[in-house]
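Chain by chain, the residues run as shown.
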Amino acid sequence: MYNARYVIPALLVFIILITLPFWVNVVTPEYSRPELVLPAGAEACVEPVEYMRAEHMRLLNEWRDAALREGKRVYTSSTGQVWDINLQNTCMHCHTDKAGFCDACHDSNSVDPYCWDCHIEPGAVTGASGNGGKQ
Amino acid sequence: MAFSLMMALSIAVIAGVGAGLGLEYFFGIVLPLAAVLVFIAGVVWRVIGWARAPVPFSIATTGGQQKSLPWIKPACLDAPYTSVGVIGRMVLEAVTFRSLFRNTAAEMRGEGDEPRLIYWSSKWLWAFGLLFHAAFFLVLFRHFRFFLEPVPFFIPWIENLDGLMQFGVPRFFMSDALLLAAVLFLLLRRLKDPKLRYISLPADYFPLFVLLGIIISGIALRYFAKSDVASIKVLTMGLVTLNPVLPEGVGTTFFVHLTFVSVLLIYLPFSKLMHMAGIFFSPTRNMPCNTRQYRHINPWNPPKKYRTYAEYEDEFREVMAEAGLPLEKQPEEEK
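Everything numeric here is computed off the predicted structure, so don't read it as measured data.

1. With respect to the overall build of chain A
So, step 1. When helices and strands are counted, chain A shows five helices and two strands.
So, step 2. Helices (α) and strands (β) of chain A occur, in sequence order from the N terminus, as α-α-α-β-β-α-α.
So, step 3. Computed over C-alpha atoms, the radius of gyration of chain A comes to 22 Å, more than 25% over the 14 Å expected from 2.2 N^0.38 for 135 residues, which places it beyond the range of a compact globule.
So, step 4. With the C-alpha coordinates of chain A rotated into their principal frame, the extents come out at 75 × 30 × 30 Å.
So, step 5. The buried share of chain A, reckoned over its 135 residues, is 31%.
So, step 6. Per element, the accessible surface of chain A, about 8700 Å² overall, is 58% carbon and sulfur.
So, step 7. Seen as two clouds, the 10 positive and the 16 negative side-chain charges of chain A have centres 6 Å apart.

Structure follows, in structure tokens:
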């Protein structure tokens, strides 16, 4: 082999880089789905939980458009329940522990919603609690 | 073209149907891990193959004045004659595609009966090639959120930059659209130009279709046919910790996406995409342009048999002395 003193280190660097996630994870603790603090008083979410897991961001987007573009401020779920379209007073009324629920899952999946630049987290302002949006 | 398209489509169908039939373990775990192994072994094998090939001639490409007389200005970057220059040219080539920047296109132009052949500087391929590689790098980089826990701080930086437009929820990443546009350009370029189409082979189309498959399934996964991302991370972390798990809630789109990626990884070492490593092994680019200063010895030249003049004289000294020829060493006087 020609230029072995360049080629072999380069190959080693390549292999280490490609397998880096494998090595890094040898030293970090085993991964498990983030533990979520579920709302105490409620049984179910706005929609079935599988749907919420995959689609809650899209639901929020639809809510936002419905409320602000179409002026529709109520949402009828697939189970026939009726909800106020409201991020702070519906979602966050049940999911009061934002850090233990939304953030726990988002941090682990590197999601950083910018919604809280404007919207107010539960507990940030006292007395800002609605009726949970249930009609 | 049609063949490659069929191949790529059948990958999608096989993965989709397979995952639907309960072969998730194969498509979600066995295939990706095997693909990583094949990729690493394949790249090492190709690289060692290149490293073993001798270079008979000094064939570095020169894109400028070679170093010669002191009062002639050499092109340090385009005809590099030092190792630093060679490395500089290589790095710039790898990140900015300088040689592609010089791309020209030949075209018949002109009105009426007098079309003329015109060569003009064509930067499209350079621009979209660069765009493709940069966007691909960004997208790949972002995916490390699925393979590292905790997610390193710089990945959210990149994500915030990429989603700077704050358009849609989940936030629209600009690199997604740029990548798709670049690959579509590279595909249409082959289809549009008859000359290029004539010389394009399945090996040219297939990687493009596989890339398109990855990109389309990936975009679908993020924006349209969504899966539970938290479950996907459980799966991907299981892969990189070699503790494979198959969580609930991972949709078919994900398996199609992962299978396309696995196919790309398996195919890559044996395809033209190996230019990724091959560029560093191109003698036209990794040799210095110093043919005026140094003689390049062909490494497979057999060892030369030669005789020095001293040996020659030793053999014929007596005869030469008799003939009165000049000698470097006089024969020993016979006493």
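Structure shown, so let's carry the discussion forward.
2. Quick look at the domain arrangement of chain B
Much of the literature gives interface size as the accessible area that the parts lose upon coming together.
So, step 1. What the domain assignment lists for chain B is domain 1 (2–297) and domain 2 (305–335).
So, step 2. Computed over C-alpha atoms only, the centres of domain 1 of chain B and domain 2 of chain B are separated by 68 Å.

3. Section: the environment of Arg285 of chain B
All names here are of chain B.
So, step 1. Tracing the chain through its elements places Arg285 in helix α13 (residues 283–286).
So, step 2. What makes Arg285 buried here is its relative accessible area of 16%.
So, step 3. C-alpha of Arg285 to C-alpha of Ile266: the two residues are 19 residues apart in sequence and 27 Å apart in space.
So, step 4. Excluding residues that lie within four positions of it along the chain, Arg285 makes contacts with Thr61, Val86, Arg89, Met90, Glu93, Ser99 and Ile279.

4. A closer look at the interface of chain A and chain B
So, step 1. Listed per partner, the contact involves 32 residues of chain A and 46 residues of chain B.
So, step 2. Surface buried jointly by chain A and chain B totals about 3300 Å² across both partners, of which 66% is contributed by carbon and sulfur atoms.
So, step 3. In this structure, Asp228 of chain B and Arg33 of chain A form a salt bridge, with 2.9 Å as the shortest nitrogen-oxygen distance.
So, step 4. Sorting the residues of the side of chain A that touches chain B by element identifies α1 (4–18), α2 (20–27), α3 (49–68) and α5 (99–108) of chain A as the ones contributing at least two each.
So, step 5. Counting residues per element, the side of chain A that touches chain B draws most heavily on α3 of chain A, which supplies seven residues.
So, step 6. Tallied by class, the residues present in the side of chain A that touches chain B amount to 17 nonpolar, seven polar and eight charged.

5. Regarding the nonpolar core
So, step 1. Ranked by size, the top nonpolar core spans 54 residues in total, and within it Phe132, Val183, Val210, Phe254, Phe260 and Leu264 of chain B carry the most contacts.
So, step 2. In terms of residues, this core owes the most to one element, helix α9 (residues 202–224) of chain B, which gives twelve residues.
So, step 3. Apart from the residues within four sequence positions on either side, Leu264 of chain B is in contact with Phe136, Val210, Leu211, Ile214 and Leu273 of chain B.
So, step 4. Counting residues in hydrophobic clusters, the runner-up holds 15 residues, among them Leu59, Trp63, Ala67 and Cys91 of chain A.

6. Focus on a nonpolar patch on the surface
So, step 1. A surface patch of nonpolar side chains, amounting to about 1100 Å² of accessible area, comprises Met1, Ile8, Leu12, Val13, Ile16, Leu17, Leu20, Trp23, Val26 and Val27 of chain A together with Ile48 of chain B.
So, step 2. Counting residues per element, the ones that place at least two in the nonpolar patch are α1 and α2 of chain A.
So, step 3. With five residues, the single largest contributor to the nonpolar patch is α1 of chain A.
So, step 4. Relative to the assigned elements, Val26 of chain A resides in helix α2.
So, step 5. Judged by its relative accessible area of 62%, Val26 of chain A is exposed.

Cut-offs used in this document
- Counting restarts for each chain, with residues numbered from 1 along the sequence as it is written.
- For naming, the first written chain is A and the first written ligand is 1, with later ones following in the order written.
- For this predicted model, a pLDDT threshold of at least 70 governs which residues receive local features, and a threshold of 80 or more governs which side-chain atom pairs are given and counted, while totals over whole chains, interfaces and linings are taken from all residues.
- Hydrogens and water molecules were not included; the side-chain quantities draw on all heavy atoms of the structure.
- Helix and strand assignments follow DSSP, with helices taken as H or I runs no shorter than four residues and strands as E runs no shorter than two, numbered in order from the N terminus.
- Just to be clear, the radius of gyration here is over C-alpha atoms, and the globule rule we use is 2.2 Å times residues to the power 0.38.
- Partly exposed residues are those whose accessible area sits between 20% and 50% of the maximum for their type, while under 20% is buried and over 50% is exposed, using a 1.4 Å probe and protein chains only.
- Computed by Shrake-Rupley with a 1.4 Å probe, the accessible areas treat only the displayed protein chains as cover when residues are assessed.
- This count recognises Lys and Arg as positive and Asp and Glu as negative, with His and chain-terminal groups excluded.
- Taken as the charge centre is NZ of Lys, CZ of Arg, CG of Asp or CD of Glu, depending on the residue.
- Domain start and stop positions are those given by an automatic or database domain assignment.
- Residues are treated as being in contact if the distance between any of their heavy atoms lies within 4.5 Å.
- Two parts placed together each lose some accessible area; with a 1.4 Å probe, that loss summed over both constitutes the buried area.
- Note on definitions: salt bridges are taken to be side-chain nitrogens of Lys or Arg within 4 Å of carboxyl oxygens of Asp or Glu.
- Residue type decides the class: Asp, Glu, Lys and Arg count as charged, Ala, Val, Leu, Ile, Met, Phe, Trp, Tyr, Cys and Pro as nonpolar, and the leftover types, Gly among them, as polar.
- The definition of a nonpolar core used throughout is a set of buried Ala, Val, Leu, Ile, Met, Phe, Trp, Tyr and Cys residues joined through side-chain atoms within 4.5 Å.
- Only residues whose relative accessible area exceeds 30% and that form no salt bridge are eligible for patches; like-charged ones are grouped when within 9 Å, while nonpolar side chains (Val, Leu, Ile, Met, Phe, Trp, Tyr) are grouped when within 5 Å.

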